[in-house]
Amino acid sequence: MMIGRALDVLLTWAERAFLTIANGLMLTMLAINLANILSRLFFDIGIIWVFPWTEVLFIWCIFFSFYVIYRRGQDVAIDVLTRRLPDKLGAATEILVMALVIGLMALILWQATILLPRQVGRVDMVGIQRYWLSIPLFVSCSLILIDFLLRLVRAARDFGGSAAAGNSDKEKHE
């Protein structure tokens, strides 16, 4: 499973890069808003481009953080029922949930092909095309999709291996 390990290293690298990017975006927002506040305080002049850039940076920060939050397990997980299931049924349920998440990420990425060409026009006072706002979301979804595919392959392998081991244990006792 050398490909799996290589993908995991790539996903870990992406997590660290996205965390660094998100933190950089937050610091940039802080800096430009502080500059705007100080400009208003000392010169009674606001910096008009600060608000639109803050919006853009905030959107990017959220979308880059999306993958980091998922990867670090800091998202919301409702597993009250699945934790109470027997091992095999719990494993099967996990596989089903992984398949559903993969389907959702694939749907979002499929929508990207429809949405990106429609997001034309420049963001006022920022100057970038509107589609650049959603690119980090689609990149995060791609990484989550890869991660879930990797997890699904491992879970299916483990589930299949445990089922085969369970059958051979059953045969030993008969």
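Thresholds, definitions, all that
- Residues numbered from 1 in each chain as written.
- Predicted model: local features only at pLDDT ≥ 70, side-chain atom pairs only at ≥ 80, totals over all residues.
- Heavy atoms only, no water.
- Helix = DSSP H or I, 4+ residues; strand = E, 2+ residues; numbered from the N terminus.
- Buried < 20%, exposed > 50% of the residue type's maximum accessible area, 1.4 Å probe, protein only.
- Contact = heavy atoms within 4.5 Å.
- Phe/Tyr/Trp six-rings, centres within 6.5 Å; stacked < 30°, edge-to-face > 60°.
- Core = buried A, V, L, I, M, F, W, Y, C linked by side-chain atoms within 4.5 Å.

Moving on to the side chain of S140. Residue position: S140 is located in helix α4 (residues 135–173). Residue S140 is classed as buried on the basis of its relative accessible area, which comes to 0%. Residues contacting S140, with those up to four places away along its chain left out, are F18, F63, F64, F66 and Y67.

What follows covers the packing of aromatic side chains. Scanning the model with the defined rule gives five aromatic pairs in all. A centroid spacing of 5.6 Å and a plane angle of 35° characterise the contact between Y131 and W132, whose relative ring orientation is tilted. On the basis of relative accessibility, which here comes to 41%, the residue W132 falls in the partly exposed class.

A word on the nonpolar core. Inside soluble globular proteins, nonpolar side chains tend to come together where they are buried. The biggest cluster of nonpolar side chains holds 34 residues, and the ones touching the most others in it are V56, W60 and Y67. In terms of residue count, helix α2 (residues 50–71) provides more of this core than any other element does, nine residues in total. For V56, the residues in contact, after removing those within four places along its chain, are V123, V126, I128 and L133.

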